[in-house]
Amino acid sequence: MSVPVSVDDLVPPGHPSPEPDLAGRRWTALLRKLSGLTGLYGIAAVVAFFGQIVVARSLGPQAYGQFSFLFTVSTVLALCATFGLDLVTMRLAAQYNSMPGGSTAFIGRTLLLSSILGTLLGIGQLVTLLIMRGGDQTVAYVVAGLLVPLLAVCTVSSGLLTGLSQPVLALVASLILRETTVLIGVPLFGSAGFAATVWTPLVAASIGCALGFLLAVRAMPWQRAARAGVRTRESLQRAITSLWPYLREAAPVATYTILYLLLNRVGLLFAAMLVSSYELGLFALAARCADTVMLVQMAGNSISGPAFAALYKAGDLVELELMAVRMGRLTLLMGLVGCLPLFLLAPEVLQIFGRDFVGGAGVLRILLVGKLVALTFGGPIMLHHMTGMTGRMTGLVAIAIAGQIGLIFLLVGPFGIDGIAAATTIALTAVFIAAAVSTRRTLGIRSSGLARLPSPCLPVDDQSGIGGPRHWALGGKPFPWSAWKWVPSLRARPPAAGPGAPAGRDGPHKEGGIQC
């Protein structure tokens, strides 16, 4: 029989408990890492922001709306062309990075496959646009079609570089170079005598993608086996055969990624069909500005994803809960720094892009509400991915897209582009809150940035049978809430029993004087 132990027995008399210091150090390390990644993404956001100022001022609302529509369609099709190849290459590159003696033939195969798929989809996009929208913007349609395979191979190259532990180079190759060429290229076209029109920023973006791809290719660990070729039909079949098991494994996440991108872009795509070109430009620029605040969540996901997977595999649901809420609060607080100025100064911010864009201030404010909800409840979606529940999230997003389309048709008549923005915000809010509820019911843990959490390990009150004072878990340092009673998380299944039970809320129970 085990001897009862309490936390006080583990600490010499007169010394403070080491738990707050340990949690504080974890909090500090987490904050430092998130701040560094957010700063890196912030550099990309600043370059993109100034690039969009140049494009918007050069084109005006109508042409800017057409450019945004074409670029959005090309982005969605490029993501369809990769369909998980970026995830596959990231995994294979990480395996090669740990054992550099292996083959690098997968690099040529994945780049070939993504370029072929992207080319086919780009041709399909060109033909469809020429049939549906006529030939008044033929040059822009051709450039947009060429942009699809370039974006696809850039995405796959970014996955390769990330797997090879070169995240900075991956961000430069996939985003910063493209936005820089747009920032520089549009004025250069003007100085060369070309009037700024829809195709000029598309050409600049294509040049940036090509440069980024060449930079990534030079950083690849090529071998002769990889160069030798994947040029024949047999080589292509061999490439598909060798990658098929990985593609099948990555397909659920790739499907969700495509649907989630559509959830954020359905408003713009339908605005191109339902409102004027001028209103389309206002909506497109407001949506672009609202998306900048989500860079914090992108940085947070790159940190929390591996941690969520490791904690879930270890069965430590209590620590998983603490990690999810801390990340939610961090991203929420850092996102508020970006949301509040944009919300309060929306007309002034949009005026930077030109006086004609000030009319999109209402759209920007409505969309920012949805982004704030996403920052608050962003952790549950990553938890679904890292715990093997991506299929459930895919279903939720598909239902939300269907509802969003219905709301767009319902609201666009009386409210115009404000109604489209409201439909987008309602759909995003529904998805993120549903993800939080699903996480709590399935895993039995809180995961939003607004949850109050117990300490991971506190002395048990022998009278009440529950843990000692609970605390606000933002920084990991205890702040007693003696008057507040902890309400256990919902459980979808009864507690596991036996030696294999996970060390979470339903795992090891209190014995003697400790409840963990």
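Residues numbered from 1 in each chain as written. Predicted model: local features only at pLDDT ≥ 70, side-chain atom pairs only at ≥ 80, totals over all residues. Heavy atoms only, no water.

**Q** Help me out: how do you make sense of the overall build of the protein in this one?
**A** Within the protein one finds 16 helices and two strands. Buried residues in the protein amount to 50% of all 516 residues. In the structure as shown, the protein presents an accessible area of about 23600 Å², 67% of it carried by carbon and sulfur atoms. (Helix = DSSP H or I, 4+ residues; strand = E, 2+ residues; numbered from the N terminus. Buried < 20%, exposed > 50% of the residue type's maximum accessible area, 1.4 Å probe, protein only. Areas by Shrake-Rupley, 256 points an atom, 1.4 Å probe, with all protein chains shown as cover.)

**Q** Just checking my understanding: could you explain the confidence of the model for the protein for this structure?
**A** Caution is warranted with low-pLDDT regions, since their predicted coordinates should not be read in detail. Summarising the model, the protein shows a mean pLDDT of 75, and 72% of its residues fall at 70 or more. Least confident of the elements in the protein is strand β2 (residues 514-515), whose mean pLDDT is 35; most confident is helix α12 (residues 346-351), at 92. Across residues 1-20, where pLDDT falls below 50, the model places 20 contacts with residues more than four positions away in sequence or in other chains. Here residues 224-234 is modelled with pLDDT under 50, and outside its nearest four sequence neighbours on either side it reaches eight contacts, counting other chains as well. (pLDDT = per-residue confidence, 0-100. Contact = heavy atoms within 4.5 Å.)

**Q** Sorry, what's going on with a nonpolar patch on the surface here?
**A** Together, Leu340, Phe343, Leu344, Leu345 and Val369 make up an exposed nonpolar region whose accessible area comes to about 460 Å². In terms of residue count, the dominant contributor to the nonpolar patch is helix α11 (residues 317-344) (three residues). Along the chain, Val369 turns up in helix α13 (residues 361-376). Among the residues examined, Val369 registers a relative accessible area of 41% and is labelled partly exposed. (Patch = residues over 30% accessible without salt bridge, like charges linked within 9 Å, V, L, I, M, F, W, Y side chains within 5 Å. Salt bridge = Lys/Arg side-chain N within 4 Å of Asp/Glu carboxyl O.)

**Q** What exactly am I supposed to notice about the packing of aromatic side chains here?
**A** Each aromatic ring pair is specified by the distance between its two centres and by the angle formed by the two planes. The final tally for this structure, using the stated rule, is nine aromatic pairs. Between Phe49 and Phe353, the ring centres sit 5.2 Å apart and the planes meet at 75 degrees, which makes this aromatic pair edge-to-face. Here Phe49, found in helix α1 (residues 18-82), pairs with Phe353, found in the loop between α12 and α13; they are 304 residues apart in sequence, far enough to count as distant. With a centroid separation of 6.3 Å and 80 degrees between ring planes, the pair formed by Tyr260 and Phe432 is classed as edge-to-face. With a gap of 172 residues between them, Tyr260 in helix α8 (residues 233-274) and Phe432 in helix α16 (residues 417-443) connect regions that are remote in the sequence. For the pair Tyr260 and Phe432, one class covers both residues: buried. Over the ring of Phe343 we find Arg365; its NZ or CZ atom is 5.8 Å from the centre of that ring. (Phe/Tyr/Trp six-rings, centres within 6.5 Å; stacked < 30°, edge-to-face > 60°. Lys NZ or Arg CZ within 6 Å of the ring centre and 35° of its normal.)

**Q** Would you explain the side chain of Thr72 in this entry?
**A** For Thr72, the location among the structural elements is in helix α1. With near-sequence residues (within four places) excluded, Thr72 lies in contact with Arg265, Leu268 and Leu269.

**Q** Sorry if this is basic, but what is going on with helix α6 (residues 199-219) here?
**A** It helps to recall that an α-helix has 3.6 residues per turn; residues three or four apart then point in one direction. Taking 1.5 Å of rise per residue, 21 residues should cover 30 Å, and α6 covers 31 Å from first to last C-alpha, within 8% of that figure. Burial in α6 covers these residues: Thr200, Pro201, Leu202, Val203, Ala204, Ala205, Ser206, Gly208, Cys209, Gly212 and Ala216. (Expected span 1.5 Å × (residues − 1).)

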